[in-house]
Amino acid sequence: MASAARSMSAPALMVALAVLALAGGGSAQLQFGFYKGKCNASDVEAVVQGLVKARFARENPIVAYLLRLQFHECAVNGCDGGLLIDGPGTEKTAGPNLSVKGYDLIATIKAELEKRCPGVVSCSDIEILATRDAVALAGGQPYAVRTGRRDRRRSVASDVKLPGADYTAAQAVAYYSRLGMNAYDTVVLLGAHTVGATHCSAIKSSRLYRYGGKPGATDPGMDPATASVYKRYVCPNVSSSDGNAVFLDDQWSAVKVDNHYYRNLQLRRGVLSVDQNLYNDGSTKPIVDQLAGNNGMFLSAFGKVLVKLSEVNVLTGTQGEIRKVCNKFN
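Note that this is a predicted model, so its numbers are computed, not measured.

Cut-off values and rules
- Residues numbered from 1 in each chain as written.
- Predicted model: local features only at pLDDT ≥ 70, side-chain atom pairs only at ≥ 80, totals over all residues.
- Heavy atoms only, no water.
- Axes fitted to C-alpha atoms, helices over the stretch in contact; angles between N-to-C directions.
- Helix = DSSP H or I, 4+ residues; strand = E, 2+ residues; numbered from the N terminus.
- Parallel < 35°, antiparallel > 145°, perpendicular 65-115°, else oblique.
- Contact = heavy atoms within 4.5 Å.
- Nonpolar A, V, L, I, M, F, W, Y, C, P; charged D, E, K, R; others polar.
- Core = buried A, V, L, I, M, F, W, Y, C linked by side-chain atoms within 4.5 Å.
- Buried < 20%, exposed > 50% of the residue type's maximum accessible area, 1.4 Å probe, protein only.
- UniProt positions renumbered as here; feature names shortened; annotations may be inferred.
- Phe/Tyr/Trp six-rings, centres within 6.5 Å; stacked < 30°, edge-to-face > 60°.
- Lys NZ or Arg CZ within 6 Å of the ring centre and 35° of its normal.

Brief notes about the packing of helix H4 (residues 62–74) against helix H5 (residues 103–116)
And step 1. The geometry of H4 relative to H5 is characterised by a closest axis approach of 9 Å and an angle of 85° between their N-to-C directions. Here H4 is positioned roughly perpendicular relative to H5, judged by the angle of their axes. Across the interface between the two elements, Ile 62, Leu 66 and Leu 69 from H4 touch Tyr 103, Leu 105 and Ile 106 from H5.
And step 2. Grouping the amino acids of the contact of H4 with H5 by side-chain chemistry returns six nonpolar, no polar and no charged.

Looking at the nonpolar core
And step 1. Of all hydrophobic cores here, the largest spans 92 residues; its most connected members are Val 63, Phe 71, Tyr 176, Val 257, Tyr 262 and Phe 302.
And step 2. For this core, the element with the highest residue contribution is H4, accounting for nine residues.
And step 3. Among all residues touching Val 63, those that are not within four sequence positions of it are Phe 56, Ala 134, Val 135, Ala 138, Val 195, Val 255 and Val 257.

Examining the UniProt feature "binding site: Ca(2+) 1" (unreviewed entry) in the chain
And step 1. UniProt records the feature "binding site: Ca(2+) 1" (unreviewed entry) at Val 76, Gly 78, Asp 80 and Glu 91, using the numbering of this structure. Separation in sequence by 16 residues is not matched in space for these annotated residues, since their most distant C-alpha atoms are only 12.4 Å apart.
And step 2. Following the sequence through the fold, Gly 78 ends up in the loop between H4 and H5.
And step 3. By secondary structure assignment, the location of Asp 80 is in the loop between H4 and H5.
And step 4. If sequence neighbours within four positions are ignored, Asp 80 has contacts with Glu 73, Ser 124, Arg 150, Asp 151, Arg 152 and Arg 323.

Observations concerning the environment of Trp 252
And step 1. Turning to its location among the elements, Trp 252 is positioned in the loop between strand E2 (245–247) and helix H11 (260–266).
And step 2. Of the residues examined, Trp 252 reaches a relative accessible area of 57% and is grouped as exposed.
And step 3. The sequence separation of Trp 252 and Val 274 amounts to 22 residues, and the corresponding C-alpha distance is 22 Å.

A few points about the environment of Cys 235
And step 1. Tracing the backbone through its elements, the reader meets Cys 235 in the loop between helix H10 (224–234) and E2.
And step 2. Residues Cys 235 and Cys 200 lie 35 residues apart in sequence; the distance between their C-alpha atoms is 5.6 Å.
And step 3. Once you skip the residues sitting within four places of it in the chain, Cys 235 turns out to touch Cys 200, Ile 203, Lys 204, Leu 208, Tyr 209, Tyr 230, Ser 241 and Val 246.

Section: the packing of aromatic side chains
And step 1. Counted by the stated rule, this structure contains six aromatic pairs.
And step 2. When the centroid spacing of 5.0 Å and the interplanar angle of 90° are considered together, the rings of Phe 34 and Tyr 35 count as edge-to-face.
And step 3. Summarising the aromatic geometry, the rings of Tyr 261 and Tyr 262 are spaced 4.8 Å apart at their centres and angled 80° between planes, so their arrangement reads as edge-to-face. Both residues of the pair, Tyr 261 and Tyr 262, belong to the buried class.
And step 4. A network of ring pairs unites the aromatic residues Tyr 261, Tyr 262, Phe 298 and Phe 302 as a single cluster.
And step 5. Above the face of the Tyr 103 ring, Lys 92 is positioned so that its terminal group lies 4.1 Å from the ring centre.
And step 6. Seen from the ring of Tyr 175, Arg 178 lies directly overhead, with NZ or CZ sitting 4.7 Å from the centre.

What follows is the structure, encoded as structure tokens:
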């Protein structure tokens, strides 16, 4: 990790420091166990964990939903609950967010906590705690998070600028540097693709049938056997297949947080271009190899990078508000 951090360019490092400086005022006031003694006789984190555990037992893909929800939340104006707001022109209505899921679980948790201690627990903290608990249930390493976030009174679709599925490794690293992350962090955070799925529409043109803009061309960087399976069974070249699900990791591992995602990159079985490009680029390939060879290292690093993401540009103290319900401002 240290060598990756040293390899950051001066401009990228300056951007990272600027983002951290912006976030510092809020994150410095976050605390471990912030809600202890503040919710009458209830343990806030235990309540969240219990509801996430119950949902995971019924629907284990919730871990993928929540990981995506946290990223789409925290990458836009910080971890502030802006993605949860309903209404025209909100973050939720932006193209990249139309397929985000998990809102109902956040609403359920909020409703339960409002019964126990009205106006105390923020929606943004609930998002972070719920994701943490889901990751642990899916085989990830438990990690502690600081709480005390407050909810921002802003949610604007035009603010949503998220990385593309076809980003090069350099583009991905540059994007994540805005969030205070280095190349190592970027490769670890993309390891969230160890769970979840995308749709055939995300790869049919770019990888299977029009690679490089050439009709009929398949990405030569994709394992031929894998490409053949996708083209024949999962994503045939007809419009009706656009919505078919494509697991981002092997199906047997698609709801398990582990390093199998990186092993697939070594075999050229990465689904999205941005994933496979991590192995195609000489600057990030050694990181992929390192994580592919050590599951414990990945699990430890994954928790740390999720904590780092969770503290980007947060509101604390008297900033923002504590919403009564998560999908509308007070």
